[in-house]
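A closer look at the structure
Residues per chain are reported as follows:
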Amino acid sequence: MIRKLAVLGLVVGLLAACTTDPPPPRTTLRVLASAELADMASLLEELRRETGVELVLDHRGTIDATGALEPRHYQHDLAWLSTDRFFELKLKQLGFTGERPLSSRFMFSPLAIGVKPRVAELLRTSTAENHLSWADLADRSATGMVRFGMADPRHAGSGLSALIGVATAAAGTGGALREEDITCDRLRGFFTGRTLTEPTSRQLADSYAARQDSADALVNYESVLLSLNARAGSWPSHWRSCTRATASCSPTTRCCCSTRPSATPSTP
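Moving on to the pattern of salt bridges. All chains considered together, the criterion is met by 15 salt bridges. Residues Asp 216 and Arg 147 are paired through a salt bridge, measuring 3.2 Å at the closest nitrogen-oxygen approach. Of the two residues, Asp 216 is situated in the loop between helix H9 (201-210) and strand E8 (217-221) and Arg 147 in the loop between helix H6 (134-142) and strand E6 (148-150); the sequence distance between them amounts to 69 residues. By relative accessible area, Asp 216 is classed as buried at 7%. When its relative accessible area of 31% is taken as the criterion, Arg 147 is described as partly exposed. Connected via shared salt-bridge partners are Asp 39, Arg 202 and Asp 206.

Dropping the structure here:
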């Protein structure tokens, strides 16, 4: 009997030696994440398989997510946001002097304007040196030359950043935006051209995909616009060429044509 058990133990040991390595121990982390990171789902599943670390993302607009971050009372293990600037402003406003969470910037995507080719050509020829500023976009929106989609600046970082860009360019001071520099007429003109809006950048992209005739342009992260182009196989051809007309805009001044690929925006 002892001999049979010894043989059985040997067989079991040989079988164990022939099997693959056991899966890594599983760790689950709750992550407060900007909505545009929904495109990362397949990569996060690969991460889980290879490392055992599962990231459960709670998608929100960046402004809403920032509002949910309360110093010393965090409800998530990590925050993965398109920018931490609004959080830094919040801490400053609160007068918070405690230790700040560790953060690292490891991916980047600029705010951009994806424009249908016909309208892109009109915008180029209507401005000096074929360059379009945020102020130019506001003026062209006011005249009805361009209809655009933009996420709600009360909830989404992309929408608030675009709004700050328009206000700063309209002020024309060349410096940081001050309350007394804001011109409401320019902002009203800008919003005249907004014909499509959603609470988040991701929802805005999905809404445009379903109603492409509702807007001639989208104000969004370049990574989201490139993602839309990647999904364009079953869409009308006007959006497939939109990358050529994508304008990458600084928060304050000029826009320029851009076709370079970029990663999904994410700065915890």
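Text resumes after the structure shown.
Glancing now at unusual backbone geometry. Across the chain, the bulk of peptide bonds are trans and the bulk of non-glycine residues have phi less than zero. Its identity as a non-glycine residue notwithstanding, Arg 72 has a phi of 70°, on the positive side. Note on placement: Arg 72 falls in the loop between helix H3 (62-68) and strand E3 (78-80). Looking at Arg 72, the relative accessible area reads 66%, which means it is exposed.

A few words now on the sheet that holds strand E1 (residues 27-34). The sheet built from three strands is open, its strands ordered E2-E1-E3 with parallel pairing. Every interior strand has two partners, whereas the edge strands, strand E2 (53-60) and E3, have only one. Taken over all neighbouring pairs, the strand axes of this sheet differ in orientation by 30° on average, direction set aside. Two elements, E1 and E3, share three bridges in a ladder whose sense is parallel. Of the residues in E3, the one forming a bridge with Leu 32 is Ala 79. Across the sheet, helix H2 (residues 41-51) lies against E2 and E3, angled at about 155° from E2, the strand it touches most.

Rules behind the numbers
Here, residues in each chain are numbered from 1, in the same order as that chain's written sequence. At least 70 in pLDDT is required for a residue's local features to be given in this predicted model, at least 80 for side-chain atom pairs to be given and counted, and no such filter applies to totals for whole chains, interfaces and linings, which use all residues. As a convention, hydrogens and water are excluded, and side-chain values are obtained from all of the structure's heavy atoms. Salt bridges are defined as contacts in which a side-chain nitrogen from Lys or Arg sits within 4 Å of a carboxyl oxygen from Asp or Glu. In this text, helices come from DSSP runs of H or I with a minimum length of four residues, and strands from runs of E with a minimum of two, each type numbered from the N-terminal end. Working definition: with a 1.4 Å probe on protein chains only, accessible area under 20% of the residue-type maximum means buried, over 50% means exposed, and in between means partly exposed. Strand pairing is assigned whenever DSSP detects at least two bridges linking the two strands. Working convention: axes come from line fits to C-alpha atoms, limited for helices to the stretch in contact. Angles between N-to-C directions cover 0 to 180 degrees. Contacts are assigned to residue pairs that have any heavy atoms within 4.5 Å of one another.

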